[in-house]
Amino acid sequence: MGETEKIETHRVRCFSKLKMFLLAITCAFVSKTLSGSYMNSMLTQIERQFNIPTSLVGFINGSFEIGNLFLIIFVSYFGTKFHRPRMIGIGCAIMGLGCFLQSLPHFLMGRYEYESTVLGNLSSDSFLCNENGTQMFRPTEDPSECVKEVKSLMWVYVLVGNMIRGIGETPIMPLGISYIEDFAKSENSPLYIGFVETGAIIGPLFGLLLASFCANVYVDTGSVNTDELTITPIDTRWVGAWWFGILICAGVNVLTAIPFFFLPKTLAKEGSKDNADVVKNDKEEKQKEVKKENNGITKDFLPFMKSLFCNPVYMLFMLISVVQFNAFINMVFFMPKYVEQQYGKSTSDAIFLIGIYNLPPICIGYIFGGLMMKKFKITVKQAAHVAFWFSFIDFILYFSCFFMVCDDSSVAGITTDYKGMQQDLHIGNVILDDCNLGCNCPTKTWDPVCGSNGLSYMSACLAGCETFVGTGMNMMFHNCSCIQTSGNSSAVLGICDKGHDCSMMLQYYLILSSISSFIYSLSAIPGYMVLLRCIKSEEKSLGVGVHAFSTRVFAGIPAPIYFGALLDSTCLHWATFKCGESGACRIYDSTNFRHLYLGLPAALRGLSYIPGIFILIILRKRPLPGENTTSGAMPIEAKVTGNECQEMDQTSKVLSNDVLKTKM
């Protein structure tokens, strides 16, 4: 009786520790996605703070994936040999360190200075149309006066910190998922992973809300008088308090690390009936690990890699992931910028709307996907079909976004002429006009005003304004010769609003995005189960790691860089500083921006369905271990071994025959 009680106590403790691990790993997913989503949302603010192009911002963002690459294969394979919970805890602490390093530039560099014709000239009318005045803010032409400021390279701190954050994030996904797979019931693991992935949605929700708040607070708040600012959060020169949220993320990551240091290395398998065998198997497993260490820990690394590369389902799934990650990384990272440029919203509003409309449906979709796998006992073949068709439905729905558009902002001399007529954007900007030729205005300084005729101008001087009243954002300019109206020709600071019709288009776009997010998220858990079930249990951790490694090398790192460079090509006006160097982009060609942002991901996603069809064919034609030939059902525990390259050759022949039949 005493032995039975000990076994029962052991089973209960293992069950409760598994639940503790689920709670801890869910919190880790929340903290890592909180940091990631916040960082991604602040890309525009970082671009403006350091006055760098979008392509360089993409490189900074990709540095997170570079940090992952340093350890992902090592952690995925060797991590199972060590104490997985502790490795996850160390990773969370390193993420906190990386976040802290990212915030340092704010404390090391001076106050943010934005280009303006007004600041410093309120005591005179030199920033207005003045025939006798001197041209202000002309880029310095004397090379001896052009000394690069130290703060221009401060973005390196953000890059290195992001890389360190990527290193710390490495063990969380592969070791956390493999730990659940090893010690949870096979029928329960999809549900558990669904809840963990839900944590990966709650984190971004809080991250986006935090980013929305910080983006609405001026970067140097507390050290400057915000009443004297001539810009608002909707202005493309505005920089929010990006550093404040990163400090919060650093604290959350460090706190999340603590529970993992109190969790055991191994547990009994959840729900095992023969508890004596469980204890015995645990001892045998430890003896095997000691034996492996004595024989060399890398002895089975190459055979495992060979087995993975000879598994057609695994390789095709990895190809799909790489192509689709290229599409979704671009869409997610640059979505706030797209909403800003296309619909005329501030960064704060864009981030808030994206979080409210997209994350709850994704969260619900993850839970429903996990419950669907558990309740209907969906097989690997069925899961592949569910993932494919839900994703394809979302892909078809995605094309509706091309019709939810707004016109370019009407800026005289850039997108339109001074009469408000659309001009050819390919012939370059015609900044000056007869109405402001004698004003001696700076032609490169971006300090926009909105005229009473509904047309925007690069500055009050280029609008031909001669007088002003008020201070800060309450300034109003009068007697503007370029503003042709029947009444008083006046202007106010800021670019003109895009109007009610554009706001309605934004609502349609967000609603469609919400529906699309829910449909696609339904396919996420079934799709991930195909990845986990198509490889052997002993290869699972390495397989997940190689998959993550490939998506980072071929998608996570290059995608933001090349996509950022493509978006830079649609810029119509760059910020220009005293030495003539270009800064961040101030206004884009909305039409070309939209075609790139929506068109390139659509093309990539379309290509990804070709290997998806091949996977469905393989799973239909290929006899799988554990498959019930009479009923055609396959238990979820069954694995696609793929351990011999001869099987891949046979599968390739089947695929070739099916492709030929399809063409005929």
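Refer to the structure above for everything that follows.
Below, the structure is looked at part by part. (Residues numbered from 1 in each chain as written. Predicted model: local features only at pLDDT ≥ 70, side-chain atom pairs only at ≥ 80, totals over all residues. Heavy atoms only, no water.)

Here's the deal with the state of the cysteines
Under the criterion given, the structure shown has seven disulfides. Covalently, Cys441 is tied to Cys461 through a disulfide, its sulfur atoms 2.0 Å apart. Residues Cys441 and Cys461 are joined through a disulfide that is left-handed, its torsion about the S-S bond being -85°. Placement of the pair is Cys441 in the loop between α14 (380–398) and β1 (449–451) and Cys461 in the loop between β2 (456–457) and β3 (467–469), with a sequence separation of 20 residues. A relative accessible area of 6% means that Cys441 is categorised as buried. Note on cysteine connectivity: Cys450 is disulfide-linked to Cys496, with sulfurs 2.0 Å apart. A torsion of 105° about the S-S bond marks the disulfide between Cys450 and Cys496 as right-handed. Within this pair, whereas Cys450 is found in strand β1, its partner Cys496 is found in the loop between β5 (491–493) and α15 (500–522), the two being separated by 46 residues in sequence. By relative accessible area, which is 13% here, Cys496 ends up buried. (Disulfide = S-S within 2.5 Å. Helix = DSSP H or I, 4+ residues; strand = E, 2+ residues; numbered from the N terminus. Buried < 20%, exposed > 50% of the residue type's maximum accessible area, 1.4 Å probe, protein only.)

A word on the pairing of strand β6 (residues 571–576)
Where burial is concerned, most of β6 is hidden: five out of the six residues are buried. Relative to strand β7 (residues 582–588), β6 runs antiparallel, the two being bridged by four bridges. Bridge pairing in β7 places Cys571 opposite Tyr588. (Pairing = 2+ DSSP bridges.)

A short note on helix α7 (residues 189–215)
Between the first and last C-alpha of α7 there are 39 Å, a value that for 27 residues agrees with the 39 Å anticipated at 1.5 Å per step. Across the 27 residues that make up α7, a large majority, 21, are buried. (Expected span 1.5 Å × (residues − 1).)

Some points on the packing of helix α12 (residues 335–343) against helix α19 (residues 590–621)
Following both chains from N to C, one finds α12 and α19 inclined at 150°, their axes separated by 10 Å at the closest point. In terms of orientation, α12 lies roughly antiparallel with respect to α19. Of the two possible hands of crossing, α12 and α19 adopt the one that is left-handed. Two secondary-structure elements touch here, α12 through Met335, Lys337, Tyr338, Gln341 and Gln342 and α19 through Ser590, Phe593, Arg594, Tyr597 and Leu598. Grouping the constituent residues of the contact of α12 with α19 by class yields five nonpolar, three polar and two charged. (Axes fitted to C-alpha atoms, helices over the stretch in contact; angles between N-to-C directions. Parallel < 35°, antiparallel > 145°, perpendicular 65-115°, else oblique. Left-handed = near helix turned anticlockwise from the far one by under 90°. Contact = heavy atoms within 4.5 Å. Nonpolar A, V, L, I, M, F, W, Y, C, P; charged D, E, K, R; others polar.)

Regarding the pattern of salt bridges
Going through the model one piece at a time under the given rule, you end up with nine salt bridges. Where Arg48 meets Glu340, a salt bridge forms, and the shortest distance between an N and an O atom there is 2.9 Å. One end of the pair, Arg48, is in helix α2 (residues 43–50); the other, Glu340, is in helix α12, with 292 residues separating them in the sequence. Across the salt bridge formed by Glu115 and Arg586, the nearest N and O atoms sit 2.7 Å from each other. (Salt bridge = Lys/Arg side-chain N within 4 Å of Asp/Glu carboxyl O.)

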